[in-house]
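Each chain, written out:
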Amino acid sequence: MRRADRLFQIVQLIRGRRLSTADFLAARLEVSPRTVYRDVAALQQQGVPIEGEAGVGYRMRAGFDLPPLMFSKEEAQALVAVVRLARPQLDRGLGEPAEAALSKIMAVLPPAARAAAESLAVYAPLSGMDAAMSERLMQLREATESRCLLRLQYLDLSDAPTERRVRPLGCFFWGPVWTFAAWCELRQDFRSFRVDRIQALELLDERFRDEPGKTLVDMQRRSAQEC
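Here the residue numbers are simple positions, counted from 1 along each chain's written sequence. The predicted nature of this model means local features are confined to residues of pLDDT at least 70 and side-chain atom pairs, given and counted, to a pLDDT of 80 or more, with totals for whole chains, interfaces and linings taken over all residues. Only hydrogens and water are set aside; all other atoms, that is, all heavy atoms of the structure, feed into the side-chain values.

Digging into the overall build of the protein chain
In this text, helices come from DSSP runs of H or I with a minimum length of four residues, and strands from runs of E with a minimum of two, each type numbered from the N-terminal end. Counting secondary structure elements, the protein chain contains eight helices and seven strands. Dimensions of the protein chain along its principal axes, counting C-alpha atoms only, are 65 × 45 × 35 Å. For the exposure calls, accessible area comes from a 1.4 Å probe over protein chains only, and a residue counts as buried if that area is under 20% of its type's maximum, exposed if over 50%, partly exposed in between. In the protein chain, which comprises 227 residues, the share counted as buried stands at 34%. Of the contacts formed within the protein chain by residues at least 6 apart in sequence, a portion of 58% connects residues at least 24 apart. Shrake-Rupley sampling with a 1.4 Å probe provides the accessible areas, and residues are treated as covered by the protein chains on show and by no other component. By element, 52% of the accessible surface of the protein chain is carried by carbon and sulfur atoms, the whole surface being about 13900 Å². Charge centroids of the protein chain, computed over 33 positive and 30 negative side chains, lie 4 Å from each other. Whether two residues are in contact is decided by their heavy atoms, any of which lying within 4.5 Å being enough. Two residue types count as positive, namely Lys and Arg, and two as negative, namely Asp and Glu; His and chain ends fall outside the count. Throughout, a charge is located at the NZ atom of Lys, the CZ atom of Arg, the CG atom of Asp or the CD atom of Glu.

Let's talk about the sheet that holds strand β6 (residues 189-194)
Strand order across the open sheet formed by five strands is β6-β5-β4-β3-β7, with antiparallel pairing between neighbours. Two strands lie at the open edges of the sheet, namely β6 and β7 (198-207), each paired on one side alone. On average, adjacent strands in this sheet sit at an angle of 45 degrees to one another, irrespective of strand direction. Axis definition: a line fitted to C-alpha atoms, limited for helices to the stretch in contact. Angles are taken between N-to-C directions and run from 0 to 180 degrees. Strand contacts of helix α8 (residues 216-226): β4 (161-174), β5 (177-184) and β6, with the helix running at about 90 degrees to β6, the strand carrying the most contacts. Pairing between strands is defined by DSSP: at least two bridges between the two strands are required.

Regarding the packing of helix α4 (residues 73-86) against helix α5 (residues 92-108)
Where α4 meets α5, the axes come as close as 10 Å, and the angle between the chain directions of the two elements is 160 degrees. Of the possible angle classes, the one that applies to α4 and α5 is roughly antiparallel. Where α4 crosses over α5, the handedness of that crossing is left-handed. Side by side, α4 and α5 meet where L79, V80 and V83 of the first sit next to A98, E99, L102, I105 and M106 of the second. Comment on the angle field: the value is read as roughly parallel under 35 degrees, roughly antiparallel over 145, roughly perpendicular from 65 to 115, and oblique elsewhere. When the near helix sits turned anticlockwise from the far one by under a right angle, the crossing is termed left-handed; a clockwise turn instead gives a right-handed crossing.

Considering the packing of aromatic side chains
Within a pair of aromatic rings, the relevant descriptors are the distance that separates the centres and the angle that separates the planes. Each Phe, Tyr or Trp ring, with Trp reduced to its six-membered ring, pairs with another whose centre is within 6.5 Å; inter-plane angles below 30 degrees give stacked pairs, above 60 give edge-to-face pairs, and intermediate values give tilted ones. With the rule as written, the count across this model stands at four aromatic pairs. Here the aromatic rings of Y154 and F193 are separated by 5.0 Å at their centres, their planes lie at 80 degrees, and the arrangement is edge-to-face. Of the two residues, Y154 is situated in strand β3 (residues 148-155) and F193 in strand β6; the sequence distance between them amounts to 39 residues. Its relative accessible area of 3% is what places F193 among the buried residues.

That's the geometry; what it means functionally is another story.
Listed below in structure tokens is the structure:
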């Protein structure tokens, strides 16, 4: 690895963690701790706001960032692939910003990386969810982020109508189907609902706080135990 690339990787590793020891950085970069000490000192001399010292650990002062000019061809291609594949299945509240963010990144990439990304031969069908489905998914996502209770009118797999009052926990994409995980106050248990079978959705003027046994982590832990 060139020294310039190693210095960049040190910055990326330190800024991604609360505290990074020289031993950790040395193991990730496959160099000696002494080399890490010298490289960090060189970065500090160049004005990179790395705090800490040898034997204790390093952290990045808040507010420091690097422009995306250091993206490799492969990283640029990965970004394009992810946006192309995900865009048709995202609601408009995420899909449009994803395209806008990608455009900003592409505009500042070095010519070689930009050309490689633009010529990537990975595509996805442009047709995705319809407008009603997109709107419903966005409402579910926003309710999850704001911790607002929801009232759902839902058709189960037997086409039987039911009404539920739920705590939204998260949205999951399973190929062609989106599901919505929630804590159901009627069943007093976790439930997953197919988003395309939600007939009506009402955002209630009530917020909830996470409680032990009713969070997404609890739901995922239970699922792992049942597997």
